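What follows is the residue order along each chain.
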Amino acid sequence: MALPSAWGEMRGGILLLSVLSLLSARLVGAVQESGSAIPAESRPCVDCHAFEFMQRALQDLKKTAYNLDTR
């Protein structure tokens, strides 16, 4: 039996690494898809979060000012 050449071994190793990397990429993608991530369409935008935060901060300031005025 003839021994395979170094080039043949290298091609086999590259092929094996390519297949393993593709399989691992699919597994990682499947794990991320099966998570409980909320789709972007149903999440409020960043501006909405900032607006709600500013509304709450303004309400807190009004309460504080009212409390200081009543004292």
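As recorded in an unreviewed UniProt entry, the chain goes by NELL2-interacting cell ontogeny regulator 1 and comes from Anthoscopus minutus. Here is the UniProt Sequence similarities (unreviewed entry) comment for the chain, exactly as written: "Belongs to the NICOL family." The record in UniProt for the chain states the following under Subcellular location (unreviewed entry): "Secreted".

Colleague: Report on the overall build of the chain, specifying residues and quantitative values.
Modeller: Counting its regular elements, the chain contains 2 helices and 0 strands. For the chain, the residues scored as buried account for 0% of the 71 residues in total. For the chain, the accessible area works out to roughly 7,000 Å², and carbon and sulfur atoms hold 66% of it.

Colleague: I'd like a rundown of a nonpolar patch on the surface, residues and numbers included.
Modeller: A contiguous nonpolar patch, built from Leu15, Leu16, Leu17, Val19, Leu20 and Leu23 and spanning about 590 Å² of accessible area, is present on the exposed surface. Relative to the elements of secondary structure, Leu17 occurs in helix H1 (residues 6-33). Note on Leu17: relative accessible area 59%, which makes it exposed.

Basis of the calculations
- Residues numbered from 1 in each chain as written.
- Predicted model: local features only at pLDDT ≥ 70, side-chain atom pairs only at ≥ 80, totals over all residues.
- Heavy atoms only, no water.
- UniProt positions renumbered as here; feature names shortened; annotations may be inferred.
- Helix = DSSP H or I, 4+ residues; strand = E, 2+ residues; numbered from the N terminus.
- Buried < 20%, exposed > 50% of the residue type's maximum accessible area, 1.4 Å probe, protein only.
- Areas by Shrake-Rupley, 256 points an atom, 1.4 Å probe, with all protein chains shown as cover.
- Patch = residues over 30% accessible without salt bridge, like charges linked within 9 Å, V, L, I, M, F, W, Y side chains within 5 Å.
- Salt bridge = Lys/Arg side-chain N within 4 Å of Asp/Glu carboxyl O.

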